[in-house]
Amino acid sequence: MMSMTFGWSSSVTLLFDFWDVHGPAGMVLSVFVVLLLTVFYEVLKVWRLWLSSSSKLAQPQSAYAPPPSYRSDSTTALESSPSESSLTPMEPPPPAANTTHRWLLHAIQTALHMLQVSLGYMLMLCVMSYNTWIFLGVVVGSVLGYFISFPFVVHK
């Protein structure tokens, strides 16, 4: 039965039978691979966020006028409610040619989401090997990936 406590061993089997580590050199290489996979996971997270925000910026704004967002004490509820005139289009709606682009973007984001979830579960299983070196590789890779990719997140 597998031990359920963290250990410092240099032999471990990660994810698949063929990834069987025996010795310090194999452990260093495995920790480096896990670290790179974790950095890629963090970069992928930020890339999906950037792709989502840039696609929202590329979409046209709503063609409808927003309802009034404030109400003073002197106005009644009827006066401050949106009227029919505030729901009429201000300009004609955009053409439907952009639909193909949106579906392609959605398909790309779906594939990236699938990759991110799969990679996240694989990293979780690596940590569940209860090897301290692998755990530290995941933690350092997460910190390094966040540090590298965070400047690319645009705060507006």
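- An unreviewed UniProt entry annotates the protein chain as Copper transport protein of Pagothenia borchgrevinki.
- Quoted straight from UniProt, the Sequence similarities (unreviewed entry) entry for the protein chain says "Belongs to the copper transporter (Ctr) (TC 1.A.56) family. SLC31A subfamily."

**Regarding the UniProt feature "transmembrane region" (unreviewed entry) in the protein chain**
Stage number 1. UniProt tags residues 25–44 and 130–154 as "transmembrane region" (unreviewed entry).
Stage number 2. Counted over residues 25–44, helix gives 100% and strand 0%. Its end C-alpha atoms are 29 Å apart.

**Re a nonpolar patch on the surface**
Stage number 1. A grouping of F6, W8, W133, F135, L136, V139 and V143 is seen on the molecular surface, where their side chains present a nonpolar patch of about 670 Å² in accessible area.
Stage number 2. In this fold, L136 is placed in helix α4 (residues 132–149).
Stage number 3. By relative accessible area, L136 is classed as partly exposed at 35%.

**Comments concerning unusual backbone geometry**
Stage number 1. Phi at L15 takes a positive value of approximately 60°, unusual for a residue other than glycine.
Stage number 2. Mapping L15 onto the fold places it in the loop between β1 (11–13) and β2 (20–22).
Stage number 3. Positive phi, normally seen in glycine, also occurs at Y130, with a value near 60°.
Stage number 4. Assignment of secondary structure puts Y130 in the loop between α3 (99–127) and α4.
Stage number 5. Note on Y130: relative accessible area 22%, which makes it partly exposed.

**Notes on the pattern of salt bridges**
Stage number 1. Applying the stated criterion to the full structure yields one salt bridge.
Stage number 2. The partner of K45 in a salt bridge is E42, with the nearest N and O atoms 3.3 Å apart. Separated by three residues within a single helix, K45 and E42 lie in helix α1 (residues 24–58), roughly one turn from each other.
Stage number 3. Looking at K45, the relative accessible area reads 35%, which means it is partly exposed.

**Some remarks on the packing of aromatic side chains**
Stage number 1. The full count for this structure, using the stated rule, is five aromatic pairs.
Stage number 2. Where W8 meets W133, the ring centres are 4.8 Å apart and the plane angle is 75°; that geometry is what we call edge-to-face. Residue W8 is found in the segment before β1, and its partner W133 is found in helix α4; the two are separated by 125 residues along the sequence.
Stage number 3. Look at W133 and you get partly exposed, because its relative accessible area is 38%.
Stage number 4. Each member of the aromatic cluster is reached from another via a ring pair, and the members are F6, Y130 and F135.

**Describing the nonpolar core**
Stage number 1. Counting residues in hydrophobic clusters, the biggest one holds 13 residues, and the most contacted among them are L14, M27, V34, L123 and I134.
Stage number 2. Where this core is concerned, the elements lending two or more residues are α1, α3 and α4.
Stage number 3. For this core, the leading source of residues is α1, giving four residues.
Stage number 4. If we skip the residues at most four places from it in the chain, L123 touches V34, L37, T38, Y41 and V138.

Here is what the cut-offs are and how they apply
- Residues numbered from 1 in each chain as written.
- Predicted model: local features only at pLDDT ≥ 70, side-chain atom pairs only at ≥ 80, totals over all residues.
- Heavy atoms only, no water.
- UniProt positions renumbered as here; feature names shortened; annotations may be inferred.
- Helix = DSSP H or I, 4+ residues; strand = E, 2+ residues; numbered from the N terminus.
- Patch = residues over 30% accessible without salt bridge, like charges linked within 9 Å, V, L, I, M, F, W, Y side chains within 5 Å.
- Areas by Shrake-Rupley, 256 points an atom, 1.4 Å probe, with all protein chains shown as cover.
- Salt bridge = Lys/Arg side-chain N within 4 Å of Asp/Glu carboxyl O.
- Buried < 20%, exposed > 50% of the residue type's maximum accessible area, 1.4 Å probe, protein only.
- Phe/Tyr/Trp six-rings, centres within 6.5 Å; stacked < 30°, edge-to-face > 60°.
- Core = buried A, V, L, I, M, F, W, Y, C linked by side-chain atoms within 4.5 Å.
- Contact = heavy atoms within 4.5 Å.

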